[in-house]
Amino acid sequence: MTSSARHPIGRLLVIGAPIALVWAAAGLVASSRLEAQLVRSDPDAAPAQARLMRFAMARGAGVFKAECASCHGADGKGNSARGVPDLTDADWLYGSGKVRDIEKVAYYGIRAHNPRSWNLAVMPGFARPVPSASERLAPLSPGEIAAVTTFLQSREGRPVDPVAAEAGRRVFAGQGGCYDCHANDARGDPAIGAPNLVDKVSLYGDGSRQALVDSIAYGRQGVCPARAGRLSALRLREVSLYVFALSHRPGQPSDKSPP
Ligand code: HEC
Ligand code: HEC
C-alpha cells in the first residue's frame, strides 16, 4: 500500500489530479473546437449562436481593449472631438453594421492606404488655396463657407435666415461641388465614405455651427488603422463580433438614421 492511499489528503490527490487534468484537457479541446468554428463560420451567422457568442465576447473584449479602445474609448462610444465614431449606436458610415462590414474595417482600416479597404474620398479644405488636388475645386470665400453652413443647418431643420440658406444651396449645388460627394439631397454616399449631412449624427464635433465650419474650411481625413497581418483571423473575428454586440444590445433600435 502506498502512503498516499493511507492518508486521506494523498488519496484525494491521487483521484483529484487526473480528474483535474482530464477537465483541463476537455476544456482545451472544447475551446479549440469553438475557435475553429468561429474562424470557419459565416460571420453573420455567429450572433445567433449563444455559446459561440459568449466565447467570442470574453476574448473580443480583450482585443478591443488592446487594439481599439485608445481611439474608440473603453466603452466604444468614440470621441467626436477627434472624429472617432461611436461604435455602440446603430449609425454606420461604412456598410450597415453587419459583422462582415465591421470585420472589413478591422482588417483593412479606413483611409489606411490598404488597397483592399474602401476606396474613399477625402473631404477637401475649402479655405485652403488648393482644396483638393484631385477634385480640381476652387477655394470658397469665408462668406461662401458661412452660407453653405447655413444651408446645411436649414436642412437639419434649424431656424435660419432663408436668404443666406438659398445662397448656400447654390454653393452646395454649384462651385463647392459638395453634391458630387454628398449627393444632391446631402444625404451622403456610403460607397465613398461621404457622410449624411442632414441627419442628427455628426462624425466631427458636437453638432455646432463651428464644427461644420471647421469641417468645410479645413477638410477632414479620418483614419482607422488596418489590422490585417498584425492580428490573426481569429482575433479579428472575435473583436468584430464584440463590436457587433456593442451596437446590438437588447432594446436598442436597429437603425437610427432616417431612411
Ligand atoms: C471629394 C468629395 C467631397 C466633396 C467635394 C465634399 N465633401 Fe464633405 N466630406 C467628404 C468626406 C469623404 C467626408 C468624411 C471625412 C472623414 O470621414 O474623415 C466629408 C465630411 C464632411 C463634413 C463633416 C460631417 C460630419 O459628420 O462631421 C461636412 C460638414 C462636409 N463634409 C461638408 C461639405 C460641404 C459643405 C462641401 C462643399 C462645399 C463638401 N463637404 C464637399 C467628401 C467630400
Ligand atoms: C488610431 C485610432 C483608431 C484605432 C486604434 C481604431 N480606430 Fe476604428 N476608427 C477610427 C476613426 C478616426 C474612424 C472614422 C474614420 C472616418 O470615417 O473618418 C474609425 C472608424 C471605425 C469603424 C467604422 C464605423 C462606422 O460608422 O461605419 C469601425 C467599425 C471601426 N473603426 C472599428 C475599429 C476596430 C474594431 C478597431 C480595433 C481593432 C479600431 N477601429 C481601432 C480610429 C481608430
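Calculation criteria
Residues numbered from 1 in each chain as written. Chains lettered and ligands numbered in written order. Predicted model: local features only at pLDDT ≥ 70, side-chain atom pairs only at ≥ 80, totals over all residues. Heavy atoms only, no water. Helix = DSSP H or I, 4+ residues; strand = E, 2+ residues; numbered from the N terminus. Polar contact = N/O pair within 3.5 Å; in protein donor to acceptor, adjacent residues only side chain to side chain. Contact = heavy atoms within 4.5 Å. Near = heavy atom within 4 Å. Nonpolar A, V, L, I, M, F, W, Y, C, P; charged D, E, K, R; others polar. Buried < 20%, exposed > 50% of the residue type's maximum accessible area, 1.4 Å probe, protein only. Core = buried A, V, L, I, M, F, W, Y, C linked by side-chain atoms within 4.5 Å. Phe/Tyr/Trp six-rings, centres within 6.5 Å; stacked < 30°, edge-to-face > 60°. Donors = N, O, S within 2.8 Å, 3.2 Å for Na, K, Ca; no water. Tetrahedral: all angles 85-135°; square planar, octahedral: opposite > 155°, others 65-115°. Axes fitted to C-alpha atoms, helices over the stretch in contact; angles between N-to-C directions. Parallel < 35°, antiparallel > 145°, perpendicular 65-115°, else oblique. Left-handed = near helix turned anticlockwise from the far one by under 90°.

## Some remarks on the side chain of R237
Part 1 of the argument: Within the secondary structure layout, R237 lies in helix α10 (residues 233–246).
Part 2 of the argument: Reaching out from R237, the side chain makes a polar contact with the side chain of E103 at a distance of 2.6 Å.
Part 3 of the argument: Leave out the neighbours within four places in its chain, and R237 touches L38, V39, S41, P43 and E103.

## Thoughts on the site of ligand 1
Part 1 of the argument: The environment of ligand 1 is formed by 29 residues, the closest being M123, C178, C181, H182 and Y204.
Part 2 of the argument: A distance of 2.8 Å separates an oxygen atom of ligand 1 from a polar backbone atom of L203.
Part 3 of the argument: G222 places a polar main-chain atom, nitrogen or oxygen, 2.7 Å from an oxygen atom of ligand 1.
Part 4 of the argument: Only α8 (178–182) and α9 (209–218) provide two or more residues apiece to the shell around ligand 1.
Part 5 of the argument: Partitioning the shell around ligand 1 into residue classes produces 18 nonpolar, eight polar and three charged.

## Here's the deal with unusual backbone geometry
Glycine aside, residues mostly have negative phi angles, and peptide bonds mostly take the trans form.
Part 1 of the argument: In this structure, H113 is a non-glycine residue whose phi angle is positive, near 60°.
Part 2 of the argument: Among the secondary structure elements, H113 is positioned in the loop between α5 (99–108) and α6 (142–155).
Part 3 of the argument: With a relative accessible area of 76%, H113 lands in the exposed category.
Part 4 of the argument: Positive phi outside glycine occurs at A183, with the angle close to 75°.
Part 5 of the argument: Following the sequence through the fold, A183 ends up in the loop between α8 and α9.

## With respect to the nonpolar core
Part 1 of the argument: Counting 24 residues, the largest nonpolar core has L38, L52, F64, V239, L241 and V243 as its most contacted members.
Part 2 of the argument: Secondary-structure elements contributing two or more residues to this core are α2 (8–40), α3 (50–67), α5 and α10.
Part 3 of the argument: Of all the elements, α10 adds the most residues to this core, at eight residues.
Part 4 of the argument: Apart from the residues lying within four places of it in its own chain, the contact partners of F64 are A69, H72, G73, A74, G76, L87, V239, Y242, V243 and L246.
Part 5 of the argument: In terms of nonpolar packing, the next biggest core, distinct from the first, is built from 15 residues, L152, V171, A186 and I216 among them.

## Brief notes about the packing of aromatic side chains
Part 1 of the argument: Here the structure, examined in full by the defined rule, presents three aromatic pairs.
Part 2 of the argument: Aromatic side chains F151 and F172 sit 5.4 Å apart centroid to centroid with 55° between the ring planes, which places their arrangement in the tilted category. Of this pair, F151 sits in helix α6 while F172 sits in helix α7 (residues 162–173); the two residues are 21 residues apart in sequence, bridging distant segments of the chain.
Part 3 of the argument: We classify F172 as buried; its relative accessible area is 2%.

## Section: the coordination of the iron atom of ligand 2
Part 1 of the argument: Distances from the iron atom of ligand 2 to its protein donors, H72 (NE2) and C224 (SG), fall within 2.0 to 2.3 Å.
Part 2 of the argument: Around the iron atom of ligand 2, the six donor atoms sit at angles spanning 88 to 179°, and that spread fits a shape best called octahedral. Taken together, the positions of H72 in helix α4 (residues 69–72) and C224 in the loop between α9 and α10 put the pair 152 residues apart, joining distant regions of the chain.

## Remarks on the coordination of the iron atom of ligand 1
Part 1 of the argument: Looking at the metal site, the iron atom of ligand 1 is ligated by M123 (SD) and H182 (NE2), spaced 2.0 to 2.1 Å from it.
Part 2 of the argument: Viewed at the metal, the six donor atoms of the iron atom of ligand 1 are separated by angles of 88 to 180°, and the geometry they form is octahedral. Residue M123 is found in the loop between α5 and α6, and its partner H182 is found in helix α8; the two are separated by 59 residues along the sequence.
Part 3 of the argument: Among the residues examined, M123 registers a relative accessible area of 23% and is labelled partly exposed.
Part 4 of the argument: Overall, the relative accessible area of 9% leaves H182 in the buried class.

## Description of the packing of α5 against α10
Part 1 of the argument: The interhelical angle for the contact between α5 and α10, taken along N-to-C directions, is 125°, at an axis separation of 9 Å. One element, α5, and the other, α10, form an angle in the oblique class. Read as a crossing pair, α5 and α10 show a hand that is right-handed. Contacts from V99, I102, E103, A106 and Y107 in α5 reach A233, L236, R237, S240, L241, V243 and F244 in α10.
Part 2 of the argument: A per-class count over the contact of α5 with α10 returns nine nonpolar, one polar and two charged.

## Quick look at the environment of Y242
Part 1 of the argument: One can find Y242 in helix α10.
Part 2 of the argument: Assessed through its relative accessible area of 17%, Y242 is described here as buried.
Part 3 of the argument: With 182 residues separating them in the primary sequence, Y242 and G60 have C-alpha atoms 5.2 Å apart.
Part 4 of the argument: Not counting residues up to four positions away in its chain, the partners in contact with Y242 are M57, G60, A61 and F64.

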